[in-house]
Amino acid sequence: MPSPHRRGARPSIGRRVGAVAMAIASLSAVFVAAGTAGSPVASAACSISANLGLGSTGPAVQCLQQTLNAQGFNSGPVDGKFGSVTYRAVRSYQQAKGLYVDGIVGRQTGSALGIWGTGGSTGGSTGGGSTGGSSGGGGAPAPAGCTISSSLRVGSSGAPVRCLQQALAANGYSPGPVDGAFGSQTRGAVVRFQQAKGLYVDGIAGRQTGTALGIWGSGGSTGGGSTGGGTSGGGATCTPPESGLPAGARQVVVVTASGTRADVDLYVHNGSAWTCARSNMSGRVGRSGVTPLANRRSGDGSTPGGVFPLGSMTAPDGQTFQFFGNGVNPGVHGTWRQVRNGDCWVATPNTAAYNTLVTRTAATCTGDDEFLINYQNAYSRAAIIGANLGPNRSGDQAGEPPLAAAIFLHRHSYDAAGNSKPTAGCVSLNNNDLVAVLQALVPGQAFFVIR
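(A) Fine view of the overall build of the chain. From N to C terminus, the chain includes eight helices and 16 strands. Per-residue burial for the chain yields a buried fraction of 50% across its 451 residues. Contacts in the chain between residues at least 24 apart in sequence constitute 58% of all its contacts with a sequence separation of at least 6. For the chain, the accessible area works out to roughly 18300 Å², and carbon and sulfur atoms hold 53% of it.

(B) Looking closely at the state of the cysteines. Per the counting criterion, the structure on display carries three disulfides. Disulfide pairing is shown between Cys 46 and Cys 63; the S-S distance is 1.9 Å. Where Cys 46 bonds to Cys 63 through sulfur, the torsion about that S-S bond is close to 120 degrees, and the disulfide is right-handed. Residue Cys 46 is located in the loop between helix 1 (4-28) and helix 2 (59-70), and its partner Cys 63 is located in helix 2; the two are separated by 17 residues in the primary sequence. The exposure classification of Cys 46 matches that of Cys 63, with both residues buried. Disulfide pairing is shown between Cys 146 and Cys 163; the S-S distance is 1.6 Å. Sign of the S-S torsion, about 125 degrees for the bond between Cys 146 and Cys 163, identifies this disulfide as right-handed. Of this pair, Cys 146 sits in the loop between helix 4 (107-113) and helix 5 (159-170) while Cys 163 sits in helix 5, and the two are 17 residues apart along the sequence.

(C) Quick peek at the sheet that holds strand 12 (residues 370-371). Reading across the sheet, the three strands line up as 11-10-12 and stay open at both edges, with antiparallel pairing between neighbours. Of all strands in the sheet, those bounded by a partner on one side alone are strand 11 (357-359) and strand 12. Two elements, strand 10 (residues 343-345) and strand 12, share two bridges in a ladder whose sense is antiparallel. In the strand pairing of strand 12, Cys 344 is matched with Phe 371.

(D) Main features of the nonpolar core. Ranked by internal contacts, the top residues of the largest apolar core, which has 29 residues, are Leu 409 and Leu 441. Counting only elements with at least two residues in this core, the list comes to strand 1 (251-258), strand 2 (261-269), strand 15 (427-429), helix 8 (431-440) and strand 16 (446-450). Not counting the four nearest positions on each side in its chain, Leu 441 is found in contact with Gln 251, Val 253, Leu 266, Leu 310, Phe 323, His 333, Ala 446 and Phe 448.

(E) Here's a closer look at helix 2. In a regular helix each residue adds 1.5 Å, so 12 residues correspond to 16 Å; helix 2 covers 16 Å between its end C-alpha atoms and thus fits that length. Counting buried residues along helix 2, nine of its 12 residues qualify, which places the element largely inside the surrounding structure. Every buried residue of helix 2 is listed here: Ala 60, Val 61, Gln 62, Cys 63, Leu 64, Gln 65, Gln 66, Thr 67 and Leu 68. Gly 72 occupies a position one or two residues after helix 2 and carries a positive phi of about 90 degrees.

(F) Looking closely at the pairing of strand 1. The element strand 1 is largely enclosed, with a buried count of six among its eight residues. Two elements, strand 1 and strand 2, share eight bridges in a ladder whose sense is antiparallel. Each bridged residue has a counterpart across the sheet, and for Gln 251 the counterpart in strand 2 is Val 268. Here strand 1 folds back onto strand 2 in antiparallel fashion, the turn holding two residues, of which Gly 259 has a positive phi close to 70 degrees. In this structure, strand 1 lies alongside strand 16, joined through five bridges in parallel fashion. The residue bridging Val 254 from the neighbouring strand is Val 449, located in strand 16.

(G) Up close: the environment of Gly 203. Looking at where Gly 203 falls in the secondary structure, it is placed in the loop between helix 6 (184-197) and helix 7 (207-213). The exposure class assigned to Gly 203 is buried, which follows from its relative accessible area of 1%. Separated by 12 residues in the primary sequence, Gly 203 and Val 191 have C-alpha atoms spaced 4.8 Å apart. Among residues more than four places away in sequence, those in contact with Gly 203 are Phe 182, Arg 187, Val 190, Val 191 and Gln 194.

(H) Seen up close, unusual backbone geometry. Although it is not a glycine, Asn 350 adopts a positive phi angle of roughly 60 degrees. Look at Asn 350 and you get partly exposed, because its relative accessible area is 35%. Even without glycine at this site, Ala 406 takes up a positive phi of about 55 degrees.

(I) Looking closely at the packing of aromatic side chains. Applying the stated rule across the entire model yields nine aromatic pairs. The interplanar angle of 80 degrees and the centroid separation of 5.7 Å between the aromatic rings of Phe 324 and Tyr 379 together place this pair among those described as edge-to-face. With a gap of 55 residues between them, Phe 324 in strand 8 (residues 323-325) and Tyr 379 in the loop between strand 12 and strand 13 (382-384) connect regions that are remote in the sequence. When its relative accessible area of 1% is taken as the criterion, Phe 324 is described as buried. Since its relative accessible area comes to 3%, Tyr 379 is described here as buried. The interplanar angle of 75 degrees and the centroid separation of 4.9 Å between the aromatic rings of Phe 324 and Phe 408 together place this pair among those described as edge-to-face. Here Phe 324, found in strand 8, pairs with Phe 408, found in strand 14 (residues 408-411); they are 84 residues apart in sequence, far enough to count as distant. As far as the burial class goes, Phe 324 and Phe 408 line up, both buried.

Rules used throughout
Each residue is numbered by its place in its chain's sequence as written, counting from 1. For a predicted model such as this one, the threshold for reporting local features is a pLDDT of at least 70, and the threshold for listing and counting side-chain atom pairs is 80 or more; totals across whole chains, interfaces and linings nevertheless cover every residue. With hydrogens and water excluded, all non-hydrogen atoms of the structure serve as input to the side-chain values. Numbering of helices and strands starts at the N terminus; helices are DSSP runs of H or I of at least 4 residues and strands are runs of E of at least 2. Relative accessible area decides the class of each residue, using a 1.4 Å probe on protein chains only: under 20% of the type maximum gives buried, over 50% gives exposed, and in between gives partly exposed. A contact between two residues is defined here by any heavy atoms of the two lying within 4.5 Å. Accessible areas in this description were obtained via Shrake-Rupley with a 1.4 Å probe; residue shielding takes into account the shown protein chains only. When two cysteine sulfur atoms lie within 2.5 Å, the pair is treated as a disulfide. We call two strands paired when DSSP finds no fewer than two bridges between them. Here, nonpolar core means buried Ala, Val, Leu, Ile, Met, Phe, Trp, Tyr and Cys residues that are tied together by side-chain atoms lying within 4.5 Å of each other. How far a helix is expected to stretch is found by multiplying one less than its residue total by 1.5 Å. A pair of aromatic rings is counted whenever rings of Phe, Tyr or Trp (Trp by its six-membered ring) have centres within 6.5 Å, and the orientation is called stacked for planes under 30 degrees apart, edge-to-face for over 60 and tilted otherwise.

Here is the structure:
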């Protein structure tokens, strides 16, 4: 039997449904038909100005849902409730656009959809990400003629850092002395700014943070966020990525870790200067972070730190290769090995075959060893990172410290919710970024800087 309360509530419910329908109709009026899926179609009347995630509600979520549906990503009913269907639609959109995949709609995803308002993170119901107010004005203009064009983090120095410090100070986030040295105080200011603006919080001033501060140069790389998916940078001149690189270095993958996440930048030398080929890529490293190679031990869950060449391996059939995979060769400059049944990468410490490729059956490639054909997704495409390779590798004899084995640049692995996971000691990227990097690397010229 229906309850009396339910019967008495019917007229009110009807009025509320009618009001919602009118709001949706009004919201729909600000859209035009999309010429192709994925084209921004929202007018300025429909915008969001704060992060949205699971549990968010209200007109901002309606705006998001309407836009996703218009661009071909089914977010379910336009009901102003950010639930599982909307969450999956957001993730699908982020994956399709090469954005950082987290199911949260912040500045990066909102801008790509064409609905991020000019007001910054100042309103709307929020459900994912910090959107607290700034400690200062948050809208001060950048210092005249002051721009940055590559990611800055702890350890960076010089004029770009002074520019960052000036911009932070002008916006009310004290970075300490404006001395061109990126230390803990500057990082703290960056973190506070990112939290206040609803940005990805990592303490690294990349494209997203630099753009929010108004100092990202037009010639800089256009990666999708401080640690989001990167895109080609248009050849902006960059400070050399690392001192002490071999003279023949012409491509450098710089992996700057913060916990299990990493900001990954690809630098290419054009014959006269280093250029930012691809910046601010969202990487993952070992579940234990990064450990200098000399201190690392096989199985400790960390990614070895140091400067390493693009590695080479000789298979039992005589093929020497730098790239391998269970998927399609993306068009590498070196030698590609299509993984075959029997390829086993030995990672058992203090055995003669440690950190080499051998031929075994699935039943005998066990324990720490990796039967490559079993890793269809993570090893769909991969490059060998030359840590602890060659005849003088440590760990192939009894009593030697097993420093590293099976260290690769490969594709992200994902959990059941679709979130990228830390690695067991490698470096991983999303597929779009991985393919772009693999296509750039040249044996003898390519190096990895992991820190």
